[in-house]
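Observations on the three-dimensional arrangement
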Number of protein chains: 2
Amino acid sequence: MIYQIIIPQFSKMLGNLLTIFDRAAMHAETKKFELEVLLHARLAPDQFDLIRQVQVACDTAKLGAARLADKEQDAPSHPDTEQSLAEIRMRIQSVITYLGTFSEADFAHAAERRITQPRWKGKSLSGQEFLLQHVVPNFYFHVTTAYAILRHNGVEVGKKDYLGELPYKE
Amino acid sequence: MIYQIIIPQFSKMLGNLLTIFDRAAMHAETKKFELEVLLHARLAPDQFDLIRQVQVACDTAKLGAARLADKEQDAPSHPDTEQSLAEIRMRIQSVITYLGTFSEADFAHAAERRITQPRWKGKSLSGQEFLLQHVVPNFYFHVTTAYAILRHNGVEVGKKDYLGELPYKE
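Residues numbered from 1 in each chain as written. Chains lettered and ligands numbered in written order. Predicted model: local features only at pLDDT ≥ 70, side-chain atom pairs only at ≥ 80, totals over all residues.

Thoughts on the overall build of chain A
Regarding its fold elements, chain A presents seven helices and two strands. For chain A, the succession of helices and strands along the chain, N to C, is α-α-α-α-α-β-β-α-α. Taking 2.2 N^0.38 as the reference for a compact globule, 170 residues should give roughly 15 Å; the C-alpha atoms of chain A span a radius of gyration of 17 Å, in line with that estimate. Counting only C-alpha atoms, chain A reaches 50 × 50 × 25 Å along its principal axes. (Helix = DSSP H or I, 4+ residues; strand = E, 2+ residues; numbered from the N terminus. Rg over C-alpha atoms; globule rule 2.2 N^0.38 Å.)

Here is the structure:
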């Protein structure tokens, strides 16, 4: 299930973000304002702006998968230099492509693996704790905040755009 | 892992919401405005207000667990009548208590169970699809939006309040 949580589902949510950014671009064009205004919008003066929310969502997915699979050395580098919608789209697409390189077998020992990161100063979480209490809530936090910034600025997006298609059976 | 995703982790996030509401109450008291202003705040005119975001987060957790465990008949009824912080706290606490009644064994067959709800008009998802593509993204969406509404209105909350304590080992 770790694979299902972090690979297909996070890829899907990142793809939904691409659709949401299409709506943002349409909105800016219709209302005749520079899209960059939205890219630097935020909900509070001391909160990350939209570009940074997307960068953190991307890193949470990329590094979450890389650390759980013990493949952090192979993760692509993203120096957080995006300034335009085209660059944001490339960043998201790059992470979707990277997530697509993992297989279920990569996560066979992920739940029990001890996971750490530099800012934790030597402390660690089990893979399952890291996934369920850190990666998942952080990922959805930044995706939802990106959505909320656009929603607050009048972009016509709804819950369906956030959730994407569901595989209903008749 | 289904139990871990929806019972301890959702309970923890709902508990974090209680802490975040304490901050909201402090903020209203310090700034000398009625807390009800925050309870009815929203990020866009056609978006749910704060009370409704919390009601939906609560229902997503309650009904998610109930449907996955095939115990929907036993779920407590919550008629969405909350108007005050005290009532919102009781709603959240009631769902935390209800989640606490589940055991791992309740979800033994959850991944394969066909799940439906009235608005899907006879269509269904597997339990795993329902959990990963519907319940989890919806739950974090409404918790994060509640947080974002308060953050946007100047309440001093940070990512740590949203995430809660992490079980780091030295």
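Some remarks on the interface of chain A and chain B
The partner chain B presents 33 residues to the 33 residues of chain A that form the contact. Those elements giving two or more residues to the side of chain A that touches chain B turn out to be α1 (2–6), α2 (8–31), α6 (127–152) and α7 (159–163) of chain A. Considering only residue class, the side of chain A that touches chain B consists of 18 nonpolar, ten polar and five charged. (Contact = placed C-beta atoms within 7 Å. Nonpolar A, V, L, I, M, F, W, Y, C, P; charged D, E, K, R; others polar.)

Thoughts on the confidence of the model for chain A
Residue-level pLDDT values for chain A average 97, and 100% of them are 70 or greater. The ipTM value of the predicted complex is 0.97, and its pTM value is 0.97. (pLDDT = per-residue confidence, 0-100.)

Thoughts on helix α5 (residues 85–99) of chain B
Residue and element names in this part refer to chain B. Helix length check: α5 (15 residues) gives 21 Å between terminal C-alpha atoms against 21 Å at 1.5 Å per residue, within 8%. Taken together, the buried positions of α5 are I88, R91, I92, V95, I96 and L99. Within α5, the buried residues cover an arc of 135 degrees as seen down the axis, which keeps them to one side. What points out from α5, more than 90 degrees from its buried face, is the exposed set A86 and T97. (Expected span 1.5 Å × (residues − 1). Buried ≥ 20, exposed ≤ 12 C-beta atoms within 10 Å, placed from the backbone. Arc of directions from axis to C-beta.)

Quick look at the environment of Q73(A)
Counting through the fold element by element, Q73(A) comes out in the loop between α4 (50–68) and α5 (85–99). Put simply, Q73(A) and F48(A) are 25 residues apart on the chain and 27 Å apart in space, counted from C-alpha to C-alpha.

Side note on the relation of the copies chain A and chain B
The relation between the two chain copies is a rotation about an axis coupled with a shift along that axis. Rotating chain A by 180 degrees and moving it 0.0 Å along the rotation axis overlays it on chain B with an RMSD of 0.0 Å. In symmetry terms, the pair is related by a two-fold rotation axis. In terms of proximity to the rotation axis, the leading residue of chain A is Y140(A), whose C-alpha is 3.0 Å off the axis. When the interface residues of chain A are mapped onto chain B, 100% of them again fall at the interface, so both copies present the same face. (Least-squares fit on C-alpha atoms with pLDDT ≥ 70 in both.)

Some thoughts on unusual backbone geometry
All names here are of chain A. Phi at K32 is positive, roughly 55 degrees, even though this residue is not glycine. Judged by the 6 C-beta atoms lying within 10 Å of it, K32 falls in the exposed class. A positive phi angle is found at K121, which is not glycine, with a value near 50 degrees. Tracing the sequence through the fold places K121 in the loop between β1 (114–115) and β2 (125–126). Take K121: there are 9 C-beta atoms within 10 Å of it, and that puts it in the exposed class.

A look at the packing of α6(A) against helix α6 (residues 127–152) of chain B
Here α6(A) crosses α6(B) at 60 degrees, and the two axes come no closer than 9 Å. It follows from the interaxial angle that α6(A) and α6(B) lie oblique. When the axes of α6(A) and α6(B) are compared, the crossing they make is right-handed. Contact with α6(A), carried on its side by V136(A), P137(A), Y140(A), F141(A), T144(A), T145(A) and A148(A), involves V136(B), P137(B), Y140(B), F141(B), T144(B), T145(B) and A148(B) of α6(B) and no other residues of that element. The class makeup of the residues in the contact of α6(A) with α6(B) is ten nonpolar, four polar and no charged. (Axes fitted to C-alpha atoms, helices over the stretch in contact; angles between N-to-C directions. Parallel < 35°, antiparallel > 145°, perpendicular 65-115°, else oblique. Left-handed = near helix turned anticlockwise from the far one by under 90°.)

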